[in-house]
Amino acid sequence: MTTYVITVPGTFLRDVDDAARSELARSLASHHTDLSETEDVELLTVHEDGTFSVRLEIEASDRATAEDEAVRLAGGALQELGFSEKDAPLGPPAVTGIEGEF
């Protein structure tokens, strides 16, 4: 297995307050561990224009599986906070870090 850091971009199309941002980060915190902390990677970045990036560590056998899982996790966490796909659409995921056996 390989650990991938996957960045999932998105855009909040309705207001998101600090409490919702904190809750989103808390719900995804288990996917932000040693590799991200060592590389000083932020779990969640939200810009003033509503765009955001979520960076998650995913253990998977290949890149495509890791990207799919990251989108599933990010989308699920957003839905739990009341953000539909229309409220916070996600963009294409990208591998932004990798650690593992090759």
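Residues numbered from 1 in each chain as written. Predicted model: local features only at pLDDT ≥ 70, side-chain atom pairs only at ≥ 80, totals over all residues. Heavy atoms only, no water.

J.: Would you mind showing me how to read the packing of helix α1 (residues 18-28) against helix α3 (residues 63-80) here?
T.: How two helices sit against one another is set out by the angle between their axes and by the gap between those axes. The geometry of α1 relative to α3 is characterised by a closest axis approach of 10 Å and an angle of 135° between their N-to-C directions. Judged by the inter-axis angle, α1 sits oblique to α3. Note that α1 runs across α3; the crossing there is right-handed. Along the contact surface, α1 presents L24, S27 and L28, while α3 presents L73, A74, A77 and L78. (Axes fitted to C-alpha atoms, helices over the stretch in contact; angles between N-to-C directions. Helix = DSSP H or I, 4+ residues; strand = E, 2+ residues; numbered from the N terminus. Parallel < 35°, antiparallel > 145°, perpendicular 65-115°, else oblique. Left-handed = near helix turned anticlockwise from the far one by under 90°. Contact = heavy atoms within 4.5 Å.)

J.: Which parts of the structure should I look at to understand the sheet that holds strand β2 (residues 44-46)?
T.: Pairing between sheet strands relies on hydrogen bonds along the backbone, with the strands arranged either parallel or antiparallel. Spatial ordering of the open sheet is given by β2-β3-β1-β4, a layout of four strands whose pairing is antiparallel. Of all the strands in the sheet, the pair left with one neighbour each is β2 and β4 (94-100). Adjacent strand axes in the sheet meet at a mean angle of 20° when their direction is disregarded. With three bridges connecting them, β2 and strand β3 (residues 51-60) associate as antiparallel partners. The residue bridging T45 from the neighbouring strand is S53, located in β3. (Pairing = 2+ DSSP bridges.)

J.: What should I look at first to understand the pattern of salt bridges in this one?
T.: Note that side chains of opposite charge can pair when their charged atoms are close. Under the criterion given, the structure shown has five salt bridges. Across the pair R72 and E69 runs a salt bridge whose closest N-O atoms are separated by 2.6 Å. Taken together, the positions of R72 and E69, both in helix α3 and three residues apart, correspond to about one turn of that helix. Since its relative accessible area comes to 52%, R72 is described here as exposed. When its relative accessible area of 26% is taken as the criterion, E69 is described as partly exposed. (Salt bridge = Lys/Arg side-chain N within 4 Å of Asp/Glu carboxyl O. Buried < 20%, exposed > 50% of the residue type's maximum accessible area, 1.4 Å probe, protein only.)

Nothing here speaks to function; it is all geometry.
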